[in-house]
Amino acid sequence: VRNSTSEVLAYVGSPDYFSGHNGNKFNSCALLRSPGSVLKPLLYARAVEAGLITPAKKLFDIPTKYRDFDPQNFSKTFLGPVQAREALARSLNVPAINLENELGEKGLKGLLRELYPYEKELLIEDSGLSLVLGAFPLSLEEVVKLFSSLARLGDYTPLKFYLEEEKIKLSRRKILDPRACHIIAEMLAECERPDLPLVWEFTPRLAKVAFKTGTSFGLRDAWACGYNPDYTIGVWIGNVDCRSSPFLLGIKKAAPVFINIFNYLTRDSDSWFKRPEGVSTRKICTLSGEKPGPYCKEIREDLYIPGISPEQSCRLHKKIIVDGKRNVEVCSSCLQKKDTVYTEKIVEYWPNEVTSYFRKAGMKCDSIPAHNPDCQAFFTKNKPVIISPSSACPYEIDKGMPLAMQKIRLKADVALDVEKVYWFRESQLVASGKPDEIFFLTPLRGESVISIVDSKGRSDSVKIQVY
């Protein structure tokens, strides 16, 4: 598609109409198929314009549960804290789902509802958070139209298939902020190309491109779609009868086709987007992606939208004071200047859920001394947070199964200074041990309060119902 006019310059709906192979007489460009991760750039654009992220903002790719939805990455692994640009480039599912959940009606669901207000409303609602993973089917025509709107800085325009349509005034509507579209183009330009070892800059003869791949659940659809200021190209590869294949991976099959077409179109030119007004650069902490605080050492530049992008300073780097005699952290409430030596130390304070992931994954993090056990003020902070069980939905005992096979997992995010945790049902102790140990609770019919108390005396509790 030529972006300036929305003209469809080339359109191949099947490999060979007369070959006789199954499905070759179907126009695959018009089939409704699961887009996999190919729509994630639209979600990230919404997150940029809502002020949630910038390209370098740290997102958390860690195990997360939404009621009965337990999202996984395609690789079945997690990367921990990652920059937003990396999360998008690597199609990480958990950061995308977290963004969609935080955006609510301003996210991808809201955008699709604006574009398809009637015939697909029920499907949009039923898809829930899995919408960002490809639960909403679209045709290749529609995916190309959406990517072409990114290239036109948010202008959503019908595709023009016939020359006679020049007489028809094509309707345009603004669906995304132009500033967010520019930032997304820069983020997508960092995706790894199959014809380069790392990024496009390593080979000056190849043009810069913003593109995204996608693979649907069950390996049924391989996608690649991308653009520069001049052209938008979309590729879908699959079987029209929805048969799966281990070869149907977007980055392996669709991306090389996309890159060959793009390299042919741009063999004599390399155009790119001019930075629009309202997009600037600023210095940020490399670790957090936030504005540098007084204790940040590694600094880099990042694109942002003044007045929209998050303005808080880095919250990961903090200065603590350590009692040299007892090797404990002290604060202003328990600092005593007599008979001891105090030293200052800069440490990384990650959220509890991230430190829990670090423990489980065996990843290194700063060793933070335990806080002064005599301090009364400190232990109102860094409380544990119960992840399971949840009060959001009831539990039901299956009479056809042994009760020993129906236990409820006990899981909580706790701070780094915790050495031991204690689990209670009402006032009865049901489990205790190290924070990374796995505990299970035998369900009892009725309503009960499940509590956790850590070794510092901090606690959390939830009320659950078992039928």
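Residues numbered from 1 in each chain as written. Predicted model: local features only at pLDDT ≥ 70, side-chain atom pairs only at ≥ 80, totals over all residues. Heavy atoms only, no water.

A.B. asks: An account of the overall build of the protein chain is requested, with residue identities and associated values reported.
C.D. replies: The helix and strand tally for the protein chain stands at nine helices and 19 strands. C-alpha atoms of the protein chain, sized along the principal axes, occupy 85 × 60 × 40 Å. For the protein chain, the proportion of contacts with a sequence separation of at least 24, taken over those separated by at least 6, is 62%. Summing over all exposed atoms, the protein chain offers an accessible surface of approximately 23,900 Å²; the carbon and sulfur share of this is 53%. Computed over 65 positive and 57 negative side-chain charges, the inter-centroid distance for the protein chain is 2 Å. (Helix = DSSP H or I, 4+ residues; strand = E, 2+ residues; numbered from the N terminus. Contact = heavy atoms within 4.5 Å. Areas by Shrake-Rupley, 256 points an atom, 1.4 Å probe, with all protein chains shown as cover. Lys, Arg positive; Asp, Glu negative; His and termini not counted. Charge placed at Lys NZ, Arg CZ, Asp CG, Glu CD.)

A.B. asks: Give a description of the confidence of the model for the protein chain that names residues and reports values.
C.D. replies: When the pLDDT values of the protein chain are averaged, the result is 88; 92% of them are 70 or greater. The model gives residues 197-202 a pLDDT under 50, and that stretch makes nine contacts with residues more than four places away or in other chains. (pLDDT = per-residue confidence, 0-100.)

A.B. asks: Please give an account of the state of the cysteines that cites residues and values.
C.D. replies: Two cysteines, two sulfur atoms, one covalent bond between them: this is a disulfide. A full pass over the atoms with the stated rule returns zero disulfides. In this structure C242 is a free cysteine whose sulfur lies 16 Å from that of C29, the closest cysteine sulfur available. A relative accessible area of 39% places C242 in the partly exposed class. (Disulfide = S-S within 2.5 Å. Buried < 20%, exposed > 50% of the residue type's maximum accessible area, 1.4 Å probe, protein only.)

A.B. asks: Tell me about the packing of aromatic side chains, and please be specific about residues and values.
C.D. replies: Counted by the stated rule, this structure contains 11 aromatic pairs. With 5.5 Å between their ring centres and 15° between their planes, F211 and F258 make a pair best called stacked. Residue F211 is located in strand β5 (residues 210-215), and its partner F258 is located in helix α8 (residues 250-265); the two are separated by 47 residues in the primary sequence. Here the two residues F211 and F258 agree in accessibility, since each one is buried. Taking 5.7 Å as the distance between ring centres and 90° as the angle between the ring planes, the aromatic pair formed by W350 and F358 counts as edge-to-face. (Phe/Tyr/Trp six-rings, centres within 6.5 Å; stacked < 30°, edge-to-face > 60°.)

A.B. asks: Got a sec to walk through the sheet that holds strand β10 (residues 317-323)? Specific residues and values, please.
C.D. replies: Spatially, the three strands line up as an open sheet ordered β11-β10-β12, and their pairing is antiparallel. Looking at strand neighbours, the two that pair on one side only are β11 (328-330) and β12 (342-348), the edges of this open sheet. In this sheet, neighbouring strand axes are inclined to one another by 50° on average, regardless of whether the strands run parallel or antiparallel. Inspection of the sheet shows β10 paired to β11 by three bridges, in the antiparallel sense. Bridge pairing links V322 to E329 in β11. (Pairing = 2+ DSSP bridges. Axes fitted to C-alpha atoms, helices over the stretch in contact; angles between N-to-C directions.)

A.B. asks: So what's going on with the environment of E114? Residues and values would help.
C.D. replies: Within the secondary structure, E114 is located in helix α4 (residues 108-115). What makes E114 partly exposed here is its relative accessible area of 38%. Along the sequence, E114 and V418 sit 304 residues apart, while their C-alpha atoms lie 47 Å from each other. Every residue in contact with E114, bar those within four places of it in the chain, is listed here: R46 and R173.

A.B. asks: Report on helix α7 (residues 178-188), specifying residues and quantitative values.
C.D. replies: Judged by how many residues are buried, α7 sits mostly within the fold: nine of 11 residues are covered. When α7 is considered as a whole, its buried residues turn out to be A180, C181, H182, I183, I184, A185, E186, M187 and L188. For α7, the secondary structure elements touched by its buried residues are α1 (40-49), α2 (84-89), α6 (140-151), β5, β6 (221-227) and β9 (299-304). A side-chain oxygen of the first residue of α7 lies 2.8 Å from the backbone nitrogen of R179; this N-cap is D177. (Polar contact = N/O pair within 3.5 Å; in protein donor to acceptor, adjacent residues only side chain to side chain.)

A.B. asks: Which residues make up the sheet that holds strand β13 (residues 385-388), and what values do they have?
C.D. replies: Reading across from one edge, β13-β14-β17 is the order of the three strands in this open sheet, with antiparallel pairing throughout. Among the strands making up the open sheet, the edge pair consists of β13 and β17 (439-441). On average, adjacent strands in this sheet sit at an angle of 40° to one another, irrespective of strand direction. In terms of strand pairing, β13 meets strand β14 (residues 408-413) through three bridges, oriented antiparallel. In the sheet register, I386 faces β14, and the bridge partner there is A412.

A.B. asks: Tell me about the pattern of salt bridges, and name the residues and values.
C.D. replies: Inspection of every chain in the model, using the stated rule, returns 23 salt bridges. Here E86 ties to R90 by a salt bridge, and the two come within 3.0 Å at their closest N and O atoms. Where K291 meets E311, a salt bridge forms, and the shortest distance between an N and an O atom there is 3.3 Å. Of the two residues, K291 sits in the loop between β8 (280-285) and β9 while E311 sits in the loop between β9 and β10, which places them 20 residues apart along the sequence. (Salt bridge = Lys/Arg side-chain N within 4 Å of Asp/Glu carboxyl O.)

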